[in-house]
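Take a look at the letters that make up each chain.
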Amino acid sequence: MALTITDQCINCDVCEPVCPNTAIAQGREINEITPSRWTECVGHFDVPQCVEVCPVECIVLDPQTPETHEQLLAKYAALTGVESE
């Protein structure tokens, strides 16, 4: 499943610099995820780095946007030019 940033976000900006795909940016009130760049760190790390550093735990699963591991790997390959295994 894809992740989403909830309105509990305090816009602290600790998640943006750890995103290897630059998929997180500051929005007007909360940080936002760019879905086309979002891979949940698949291909880069074992766990989403934004979730690891978020002080308020506002990055959660979004059941409205299901993505399989294979889909995330394909997106990673398209963004980086590195073939997924």
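That block above? That's the structure.
Residues numbered from 1 in each chain as written. Predicted model: local features only at pLDDT ≥ 70, side-chain atom pairs only at ≥ 80, totals over all residues. Heavy atoms only, no water.

A word on the state of the cysteines. Taken as a whole, this structure holds 0 disulfides when the rule is applied. Free cysteine: Cys12, not disulfide-bonded; nearest cysteine sulfur from Cys54 at 6.2 Å. Cysteine Cys54 remains unbridged, with the sulfur of Cys58 as its closest cysteine sulfur at 3.7 Å. Among the residues examined, Cys54 registers a relative accessible area of 13% and is labelled buried. (Disulfide = S-S within 2.5 Å. Buried < 20%, exposed > 50% of the residue type's maximum accessible area, 1.4 Å probe, protein only.)

This brings us to the side chain of Asn21. Within the secondary structure, Asn21 sits in the loop between β1 (2–5) and β2 (24–26). On the basis of relative accessible area, Asn21 is assigned to the buried category, the value being 4%. Only 3.0 Å separates the side chain of Asn21 from the side chain of His44, close enough to count as a polar contact. Not counting the four nearest positions on each side in its chain, Asn21 is found in contact with Arg37, Thr39, His44 and Leu79. (Helix = DSSP H or I, 4+ residues; strand = E, 2+ residues; numbered from the N terminus. Polar contact = N/O pair within 3.5 Å; in protein donor to acceptor, adjacent residues only side chain to side chain. Contact = heavy atoms within 4.5 Å.)

On to the side chain of Thr39, then. When you line up the elements, Thr39 lands in the loop between β3 (31–33) and α1 (49–53). Judged by relative accessible area, which is 1%, Thr39 ranks as buried. Side chain to side chain, Thr39 and Asn21 meet in a polar contact 2.7 Å long. Discounting residues that sit within four places of it in the chain, Thr39 has contacts with Asn21, Leu72, Lys75, Tyr76 and Leu79.

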